[in-house]
Amino acid sequence: MVGEDYVAFEETAEQAPGAPPGTHDILPGTDDAGHGTIGPTGRPLPDFPVPPPLAAHGPARIIAMCNQKGGVGKTTSTINLGAALAEYDRRVLLVDFDPQGALSVGLGIRTHELDVTIYNLLIERGHDVTDVIQATGTPGVDLIPANIDLSAAEVQLVGEVAREQILARVLRPVLDDYDVVLIDCQPSLGLLTVNALTAAHGVIIPLECEFFAMRGVALLVETIEKITDRLNPRLQIDGILATMYDGRTLHSKEVVRSVVDHFGDQVFHTVISRTVKFPDATLAAEPITTYASTHSGADAYRQLARELIARGGAA
Ligand SMILES: Nc1ncnc2c1ncn2[C@@H]1O[C@H](COP(=O)(O)OP(=O)(O)OP(=O)(O)O)[C@@H](O)[C@H]1O
Ligand SMILES: [Mg+2]
């Protein structure tokens, strides 16, 4: 429906004359946002404290990074949120659940040389998940890699018993070793994504600050609700994450405003700005938190990690 998908932007984002301060009509850019001020989502920005170290690790909370729209920042957010959580001493397992293998490549893995991947764990019995998990160059962050083999899994799993629960079963033996598992989903709502949502406790939905950001989100939410009803009652939406935000443009601000109008407090206060440092870090096969540690993009993912923990989305 055009009315739902299209984000109107003729109106000015400036505060209407006479409107009380602190309403979401004010949408300043990220630069001047700070504690006690209005954040880029138009709401007062809370202070997200540095979380205390954990006394003990595990069992992990599983979060699916999900949006069937392509190129919205799922993989970038998986890598960088994972690395930021690890900086706060959380043990993190990243699961590449996209046959494109972008998460694995983004962490420096030569995917075509892999003997065993998530594919083998899903399809063949008798594999030990710990044999497939790899350490990454980021301390505290491990990876279950994927490559193009995974593209066959969707068809092969169709005839399996409890075909939606296979990833949950694969991950179960290692949950006590981690605090957070992040699953990087492919851009589709097929059986692999259904497996991710069935294994997960929560979903983070990255949304690119672009014209058609909301396109398809209703279908995604409907899918999440069906899975909550039928397969995984614990599943919840942990948050909507605005990505590729450009605080200089009215357009980005209008997109964020419409997302907040629609989803309210489900929208993370943290927004991720558009910067070339993200593709640069991917080329360097590193998270931005080490590639450009002092860059505002690294700080944004650190803030997201603190916000997620403050909301109870991670230990
Ligand atoms: N905040 C950002 N600023 C600038 N570029 C970004 C940002 N986030 C991601 N990108 C770039 O945009 C492209 C798409 O991002 P990413 O791969 O994370 O999206 P995705 O949702 O995982 O895509 P797909 O649906 O294809 O898996 C990549 O080239 C990435 O480097
Ligand atoms: Mg991706």
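Remember, predicted model here, so these are calculated numbers, not experimental data. (Residues numbered from 1 in each chain as written. Chains lettered and ligands numbered in written order. Predicted model: local features only at pLDDT ≥ 70, side-chain atom pairs only at ≥ 80, totals over all residues.)

Draft legend 1. Focus on the overall build of the protein. On a plain count of helices and strands, the protein comes out with 13 helices and 7 strands. Taking all 315 residues of the protein together, 46% fall into the buried category. In the protein, the share of contacts with a sequence separation of at least 24, taken over all contacts with a separation of at least 6, comes to 77%. (Helix = DSSP H or I, 4+ residues; strand = E, 2+ residues; numbered from the N terminus. Buried ≥ 20, exposed ≤ 12 C-beta atoms within 10 Å, placed from the backbone. Contact = placed C-beta atoms within 7 Å.)

Draft legend 2. A look at the site of ligand 1. Close contacts around ligand 1 come from 18 residues, with Gly70, Lys74, Thr75, Thr76 and Pro187 the closest. Among the secondary structure elements, those contributing two or more residues to the shell around ligand 1 are α2 (74-87) and α11 (277-283). Residues of the shell around ligand 1, tallied by class, amount to 7 nonpolar, 8 polar and 3 charged. (Near = placed C-beta within 6 Å. Nonpolar A, V, L, I, M, F, W, Y, C, P; charged D, E, K, R; others polar.)

Draft legend 3. Expanded view of the nonpolar core. Within the largest apolar cluster, 85 residues are counted, with the highest numbers of intra-cluster contacts made by Ile183 and Ala196. Top element by residues in this core is helix α13 (residues 296-310). It accounts for 7 residues. (Core = buried A, V, L, I, M, F, W, Y, C linked by C-beta atoms within 7 Å.)

Draft legend 4. Examining the environment of Val256 more closely. Considering the arrangement of structural elements, one finds Val256 in helix α10 (residues 250-263). Residue classification places Val256 among the buried positions, given that 26 C-beta atoms sit within 10 Å. Separated by 11 residues in sequence, Val256 and Tyr245 have C-alpha atoms that sit 8.4 Å apart.

Draft legend 5. Inspection of the packing of α2 against α13 at higher detail. As a packed pair, α2 and α13 sit with axes 8 Å apart at the nearest point and diverge in direction by 70°. On the basis of the axis angle, α2 is roughly perpendicular to α13. Every pair of crossing elements has a handedness; the one defined by α2 and α13 is right-handed. Along the contact surface, α2 presents Asn80, Leu81, Ala84, Leu85 and Glu87, while α13 presents Tyr301, Arg302, Leu304 and Ala305. When the residues that make up the contact of α2 with α13 are grouped by side-chain class, the tally is 6 nonpolar, 1 polar and 2 charged. (Axes fitted to C-alpha atoms, helices over the stretch in contact; angles between N-to-C directions. Parallel < 35°, antiparallel > 145°, perpendicular 65-115°, else oblique. Left-handed = near helix turned anticlockwise from the far one by under 90°.)

Draft legend 6. Local environment of helix α8 (residues 191-199). With 8 of 9 residues buried, α8 is to be regarded as a mostly interior element. For α8, the set of buried residues is Leu192, Thr193, Val194, Asn195, Ala196, Leu197, Thr198 and Ala199.

Draft legend 7. Expanded view of the sheet that holds strand β4 (residues 141-144). Taken together, the 7 strands give an open sheet; going across it, the order is β3-β4-β2-β5-β1-β6-β7, and neighbouring strands pair in mixed fashion. On the outer flanks of this sheet lie β3 (134-135) and β7 (236-243), each paired with one strand and no other. With 7 bridges connecting them, strand β6 (residues 202-208) and β7 associate as parallel partners. Across the sheet, the residue bridging to Ile205 is Ile240, located in β7. Packing against the sheet, α8 makes contact with β1 (61-65), β2 (92-97), β5 (180-185) and β6, and its axis sits at approximately 160° to β5. (Pairing = 2+ DSSP bridges.)

Draft legend 8. Examining the environment of Leu182 more closely. Mapped onto the elements, Leu182 comes out in strand β5. With near-sequence residues (within four places) excluded, Leu182 lies in contact with Ile63, Met65, Thr78, Leu81, Gly82, Val92 and Leu94.

Draft legend 9. The arrangement of unusual backbone geometry in detail. With omega at -10°, the peptide bond leading from Gly58 into Pro59 counts as cis. Within the element layout of this structure, Pro59 appears in the loop between α1 (2-5) and β1. Within the chain, Asp89 stands out as a residue other than glycine whose phi angle is a positive 70°. Take Asp89: it is sitting in the loop between α2 and β2. What makes Asp89 partly exposed here is the crowd of 14 C-beta atoms within 10 Å. In this structure, Ala162 takes a positive phi of about 50° despite not being glycine. Mapped onto the secondary structure, Ala162 falls in the loop between α6 (153-157) and α7 (166-171). Given 10 C-beta atoms within a 10 Å radius, Ala162 is considered exposed.

Draft legend 10. Summary view of the confidence of the model for the protein. For the protein, the mean per-residue pLDDT works out to 90, and 89% of the residues sit at or above 70. Every residue in residues 1-34 scores below 50 in pLDDT, and together they form 53 contacts with partners more than four places removed in sequence or on other chains. (pLDDT = per-residue confidence, 0-100.)

Draft legend 11. Examining α10 more closely. Between the first and last C-alpha of α10 there are 20 Å, a value that for 14 residues agrees with the 20 Å anticipated at 1.5 Å per step. Those residues of α10 that sit buried are Ser252, Lys253, Glu254, Val255, Val256, Arg257, Val259 and Val260. Structurally, α10 contributes buried residues whose contacts are with β6 and β7. Gly264, located one to two residues past α10, shows a positive phi value of around 55°. (Expected span 1.5 Å × (residues − 1).)

Draft legend 12. How the structure looks around the environment of Gly190. As for its position among the elements, Gly190 is in the loop between β5 and α8. On the basis of neighbour count, Gly190 is assigned to the partly exposed category, with 15 C-beta atoms found within 10 Å. Distance from Gly190 to Gln68, taken between C-alpha atoms, is 9.1 Å for residues 122 residues apart in sequence.

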